[in-house]
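What follows is the residue order along each chain.
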Amino acid sequence: MKLSVETFVLPVFFLPLVYGYSTGAPQSSCVVMTPGHTLDSTYPIYPQEGPSPYTVSPNATTYEPGQVLTVTVEGGNYEGILLQVRKPGGSTPIGTWLNPPNNTKVMQCTNADDSVTHSNSIHKNEAAVYTWVPPDDTVGDVQILATVAKDFNQFWVKLESTRISGAEIGTRPNVLLVIAVSVLYHIFLETHRRV
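Cut-offs used in this document
Residues numbered from 1 in each chain as written. Predicted model: local features only at pLDDT ≥ 70, side-chain atom pairs only at ≥ 80, totals over all residues. Heavy atoms only, no water. Helix = DSSP H or I, 4+ residues; strand = E, 2+ residues; numbered from the N terminus. Buried < 20%, exposed > 50% of the residue type's maximum accessible area, 1.4 Å probe, protein only. Contact = heavy atoms within 4.5 Å. Areas by Shrake-Rupley, 256 points an atom, 1.4 Å probe, with all protein chains shown as cover. Pairing = 2+ DSSP bridges. Axes fitted to C-alpha atoms, helices over the stretch in contact; angles between N-to-C directions. Disulfide = S-S within 2.5 Å. Phe/Tyr/Trp six-rings, centres within 6.5 Å; stacked < 30°, edge-to-face > 60°. Core = buried A, V, L, I, M, F, W, Y, C linked by side-chain atoms within 4.5 Å.

Caption draft 1: Spatial organisation of the overall build of the protein chain. Helices and strands together make up the secondary structure of the protein chain, namely two helices and 12 strands. Walking the protein chain from its N terminus toward its C terminus, one meets helices and strands in the order α-β-β-β-β-β-β-β-β-β-β-β-β-α. Across the 195 residues in the protein chain, those meeting the buried criterion constitute 32%. Partitioning the intrachain contacts of the protein chain with sequence separation of at least 6 by distance along the chain shows that 64% fall at a separation of at least 24. Counting every atom, the protein chain has about 11,800 Å² of accessible surface; 59% of that belongs to carbon and sulfur.

Written as structure tokens, this is what we have:
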């Protein structure tokens, strides 16, 4: 059987072209967290509608300014990720990410290093630990949001962690005020004991 060049070229020519972002999420994904994968650059590939095999797991249920939190994405291998921390129902990333694991990188959506994304399509897994640093002032409860792409065609958008509690600005007791009131109270007690 004689094979011609056309035997191999024609089938390849008719394969659909797929467009994705193997080097990280695009800026256009920052708010909606949808990858924007398309088939033939025209037909969008939609997120999975069923339950996700992935869960976003922080190592703590509370945070304080400067306290580093670590995050893992459990549920098996994945190729793509967009990871942010937001106030529940919010659209703006909060805090910064440090030292992203292999095959990932930080990106700027609103502020420097406020998001993490993949840097290639090499599989990541539960061994990948992401490190988040809260802002200098607490902003109340936050959640970690993740869009996780198992592969080009299968991805889940805005997976939510449990809430991570933090005091609202101004609701934490001022340490100096507590000390001052305590000292004044003790002075008051001492002066009244002598009388």
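Caption draft 2: Spatial organisation of the sheet that holds strand β5 (residues 69-74). With respect to topology, four strands assemble into an open sheet ordered β4-β5-β10-β7, the strand pairing being antiparallel. Of all strands in the sheet, those bounded by a partner on one side alone are β4 (55-58) and β7 (96-98). With direction set aside, neighbouring strand axes in the sheet form an average angle of 35°. When β4 meets β5, the two strands line up antiparallel, connected through four bridges. Looking at β5, one finds that Val-56 is bridged to Val-73.

Caption draft 3: Fine view of the state of the cysteines. One pass over the structure, following the stated rule, counts one disulfide. A disulfide bridge connects Cys-30 with Cys-109, and the sulfur atoms are separated by 2.1 Å. On the sign convention where negative means left-handed, the S-S torsion of about -75° between Cys-30 and Cys-109 marks this disulfide as left-handed. With a gap of 79 residues between them, Cys-30 in the loop between β1 (18-19) and β2 (38-39) and Cys-109 in the loop between β8 (104-107) and β9 (115-118) connect regions that are remote in the sequence. Judged on exposure class, the residue Cys-30 and its partner Cys-109 are both buried.

Caption draft 4: Representation of the environment of Glu-64 in the model. You can see Glu-64 is positioned in the loop between β4 and β5. Through-space distance from the C-alpha of Glu-64 to that of Pro-134 is 7.1 Å; in sequence the pair is 70 residues apart. If sequence neighbours within four positions are ignored, Glu-64 has contacts with Pro-134 and Thr-138.

Caption draft 5: Focus on the packing of aromatic side chains. According to the stated counting rule, one finds three aromatic pairs in the structure shown. Measuring from ring centre to ring centre gives 5.7 Å for Tyr-54 and Trp-156, while their planes differ by 70°; the resulting arrangement is edge-to-face. Here Tyr-54 is found in the loop between β3 (43-44) and β4, whereas its partner Trp-156 is found in strand β12 (residues 155-160), with 102 residues between them in sequence. In this structure Tyr-54 comes out as buried when scored by relative accessible area, which is 4%. Given the relative accessible area of 8%, Trp-156 is considered buried. Taking the centre distance of 5.9 Å and the plane angle of 75° together, the rings of Tyr-63 and Trp-132 count as edge-to-face.

Caption draft 6: Focus on the nonpolar core. Counting 24 residues, the largest nonpolar core has Tyr-78, Leu-83, Trp-97 and Tyr-130 as its most contacted members. Contributions of two or more residues to this core are made by β5, β6 (80-86), β10 (130-133), β11 (143-149) and β12. With residues near it in sequence (within four places) discarded, Tyr-130 still touches Leu-69, Thr-70, Val-71, Val-73, Tyr-78, Ile-81, Leu-83, Trp-97, Pro-101, Thr-104 and Val-116. In this structure, Ala-25, Cys-30, Leu-82 and Cys-109 belong to the second largest nonpolar core, which totals seven residues.

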